[in-house]
Amino acid sequence: MTDFDKQALLDAASAARGSAYAPYSKFRVGAALLARDGRVFLGANVENAAYGSTICAERVALPAAVVAGARDFVALAVVGDGDGPVTPCGACRQVLFEFCPQLIVLAGGADGSSRRYLLGADLLPDGFGPIRLNEGQ
Ligand code: THU
């Protein structure tokens, strides 16, 4: 699966945003991660009273996918509250890079705007990944 419905993935991320637990920032984020086998894994940010224990939407979706047996991904859509596309934070870029440097990232906003990026080329150039450790199993 390389061809996919970009708007459908953005819509899935936007809907997942409704599950966010964000009482502190009030900034809800939803993510939809498309695996190459066609499955879509959803995530939303889950905040914590110990603020540093907050988990981003992308880092909810990715481990759910891995636990379900998916390690090869085509695209991620991430949609946040507010106007303008929300791009993944640095920690999320790194975690996604582990599995798919060529991931297409669709960053969306609640206003319906979106931008398309390539993870490695645009969002984490010269990123550190498993190849450097001669692993990549
Ligand atoms: N957040 C995400 O879920 N993903 C990102 O890539 C950026 C930030 C969340 C974390 C926190 O709950 C809220 O947005 C404000 O930082």
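Provided above is the structure to which this section pertains.
The structure contained in this document is the topic of the report that follows. Values in this document were obtained by computation on a predicted structure and should not be read as measured data.

Definitions and limits used
Residues numbered from 1 in each chain as written. Predicted model: local features only at pLDDT ≥ 70, side-chain atom pairs only at ≥ 80, totals over all residues. Heavy atoms only, no water. Helix = DSSP H or I, 4+ residues; strand = E, 2+ residues; numbered from the N terminus. Contact = heavy atoms within 4.5 Å. Near = heavy atom within 4 Å. Areas by Shrake-Rupley, 256 points an atom, 1.4 Å probe, with all protein chains shown as cover. Nonpolar A, V, L, I, M, F, W, Y, C, P; charged D, E, K, R; others polar. Core = buried A, V, L, I, M, F, W, Y, C linked by side-chain atoms within 4.5 Å. Buried < 20%, exposed > 50% of the residue type's maximum accessible area, 1.4 Å probe, protein only. Patch = residues over 30% accessible without salt bridge, like charges linked within 9 Å, V, L, I, M, F, W, Y side chains within 5 Å. Salt bridge = Lys/Arg side-chain N within 4 Å of Asp/Glu carboxyl O.

## A look at the environment of leucine 34
Part 1: Following the sequence through the fold, leucine 34 ends up in strand β1 (residues 29-35).
Part 2: For the pair leucine 34 and alanine 61, spaced 27 residues apart in sequence, the C-alpha to C-alpha distance is 9.9 Å.
Part 3: Not counting chain neighbours up to four residues away, the residues in contact with leucine 34 comprise Met1, Phe4, Leu9, Arg39, Val40, Phe73, Val74 and Ala75.

## Some thoughts on the site of the ligand
Part 1: The local shell around the ligand consists of Ser25, Phe27, Val29, Asn45, Glu47, Thr54, Cys56, Ala57, Glu58, Thr87, Pro88 and Cys89.
Part 2: When the free accessible area of the ligand is taken as 370 Å², the share hidden by the protein chains comes to 78%.
Part 3: When its residues are assigned to classes, the shell around the ligand shows six nonpolar, four polar and two charged.

## Quick word on the nonpolar core
Side chains of a nonpolar character, in soluble globular proteins, are inclined to be buried together.
Part 1: With 23 residues, the main nonpolar core has Leu33, Phe73, Leu76, Leu103, Val105 and Leu119 as its most contacted residues.
Part 2: For this core, the elements supplying multiple residues, two or more each, are β1, α2 (58-67), β3 (73-80), α3 (90-97), β4 (104-109) and α4 (119-123).
Part 3: When residues in this core are grouped by element, the largest group, four residues, is from β1.
Part 4: Sequence-distant contacts of leucine 119, defined by excluding residues within four places in its chain, comprise Arg93, Leu96, Phe97, Cys100, Pro101, Leu103, Val105 and Leu124.

## What to know about the environment of alanine 35
Part 1: Structurally, alanine 35 is set in strand β1.
Part 2: Taking the relative accessible area as the measure of exposure, alanine 35 reaches 1% and is therefore buried.
Part 3: In sequence terms alanine 35 and alanine 65 are 30 residues apart; their C-alpha atoms lie 8.0 Å from each other.

## A word on a nonpolar patch on the surface
Part 1: Together, Tyr21, Tyr24, Val46, Tyr51 and Ile55 make up an exposed nonpolar region whose accessible area comes to about 510 Å².
Part 2: Checked against the element boundaries, valine 46 lands in the loop between β2 (40-44) and α2.
Part 3: For valine 46, a relative accessible area of 36% corresponds to the partly exposed category.

## Thoughts on the environment of valine 79
Part 1: Mapped onto the elements, valine 79 comes out in strand β3.
Part 2: Take valine 79: its relative accessible area is 4%, and that puts it in the buried class.
Part 3: On a C-alpha basis, the gap between valine 79 and leucine 106 in space is 8.4 Å, while along the polypeptide they are 27 residues apart.
Part 4: In this structure valine 79 touches Leu10, Ala13, Ser14, Arg17, Arg28, Val29, Gly30, Gly108, Gly109 and Ala110, once residues within four positions along its chain are discounted.

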